[in-house]
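Chain residues, written in single-letter form:
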Amino acid sequence: MEMKTISILTGLAAIVAASPAFSNHLLGNHTPFPSRGACESFTAEGLSFVERDALLDAFPQFFNSEGDVTSFLTRAWTCELNEDDGQWYIGDHRFDVLNSDWYQRHH
């Protein structure tokens with residue numbers, strides 16, 4: 001495994017462990033939402049200023065600013081429609097975002 005991949009995996013694990021409240025708020029949530037707006041409202045609550053500040057303070061090697069943290073979080077957790085039941089669910093894309101061109105340009 002190359003060093004870049006190891007660093008990303010380590011960062012991903014650290015980001016999850018750094019903020020238990022955030023992790024429980026979004027990661028442990030498999031609740032269906034009746035609309036995209038309801039889902040986005042719920043995720044916006046989880047992307048609070050407190051969480052952004054905590055992640056920036058804990059991981060300056062991964063984020064350069066609050067804007068970087070916010071961009072990461074909004075890309076990592078998205079609201080997605082499940083065609084089978086017509087409900088919206090929170091999708092977890094942290095690994096994809098950390099491996100994306102966007103992250104590599106901002107890192």
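You'll find the structure just up there.
Residues numbered from 1 in each chain as written. Predicted model: local features only at pLDDT ≥ 70, side-chain atom pairs only at ≥ 80, totals over all residues. Heavy atoms only, no water.

All right, on to the overall build of the protein chain then. Broken down by element type, the protein chain carries seven helices and two strands. Residue burial in the protein chain is summarised as follows: out of 107 residues, 35% are buried. Contacts spanning at least 24 positions in sequence make up 55% of the contacts within the protein chain whose residues lie at least 6 apart. Accessible surface for the protein chain amounts to roughly 6000 Å². Of this, 54% is attributable to carbon and sulfur atoms. (Helix = DSSP H or I, 4+ residues; strand = E, 2+ residues; numbered from the N terminus. Buried < 20%, exposed > 50% of the residue type's maximum accessible area, 1.4 Å probe, protein only. Contact = heavy atoms within 4.5 Å. Areas by Shrake-Rupley, 256 points an atom, 1.4 Å probe, with all protein chains shown as cover.)

If you look at the biggest cluster of nonpolar residues, it comprises 20 residues, and the most contacted ones within it are Cys39, Phe63, Val69, Phe72, Leu73 and Trp77. When contributions to this core are tallied by element, the ones reaching two or more residues are helix H4 (49-58), helix H5 (66-76), strand S1 (77-82), strand S2 (87-92), helix H6 (94-98) and helix H7 (101-106). With four residues, the single largest contributor to this core is H5. (Core = buried A, V, L, I, M, F, W, Y, C linked by side-chain atoms within 4.5 Å.)

For the structure shown, the criterion picks out four aromatic pairs. Relative to phenylalanine 72, the ring of phenylalanine 63 lies with its centre 5.4 Å away and its plane at 55°, an arrangement referred to as tilted. With relative accessibility at 2%, the residue phenylalanine 63 sits in the buried group. Owing to a relative accessible area of 0%, phenylalanine 72 belongs among the buried residues under this scheme. A ring pair is formed by tryptophan 102 and tyrosine 103, whose centres lie 6.3 Å apart and whose planes are at 50°; its orientation type is tilted. For tryptophan 102, a relative accessible area of 11% gives the class buried. (Phe/Tyr/Trp six-rings, centres within 6.5 Å; stacked < 30°, edge-to-face > 60°.)

This part takes up helix H3 (residues 36-46). For H3, the set of buried residues is Cys39, Thr43 and Gly46. Along the axis of H3, the buried residues cluster in a sector spanning 45°; they form a single face. (Arc of directions from axis to C-beta.)

Pairing of S1 with S2, which is carried by six bridges, proceeds in the antiparallel orientation. Pairing of leucine 81 across the sheet is with tryptophan 88, part of S2. Where S1 folds back onto S2 in an antiparallel hairpin, the turn is made up of four residues, including glycine 86, whose phi is positive at roughly 75°. (Pairing = 2+ DSSP bridges.)

Position of aspartate 92 relative to the elements: it lies in strand S2. Of the residues examined, aspartate 92 reaches a relative accessible area of 38% and is grouped as partly exposed. It is 5.0 Å that separates the C-alpha atoms of aspartate 92 and tryptophan 77, two residues lying 15 residues apart in sequence. At 2.5 Å, the side chain of aspartate 92 and the side chain of arginine 94 are in polar contact. (Polar contact = N/O pair within 3.5 Å; in protein donor to acceptor, adjacent residues only side chain to side chain.)

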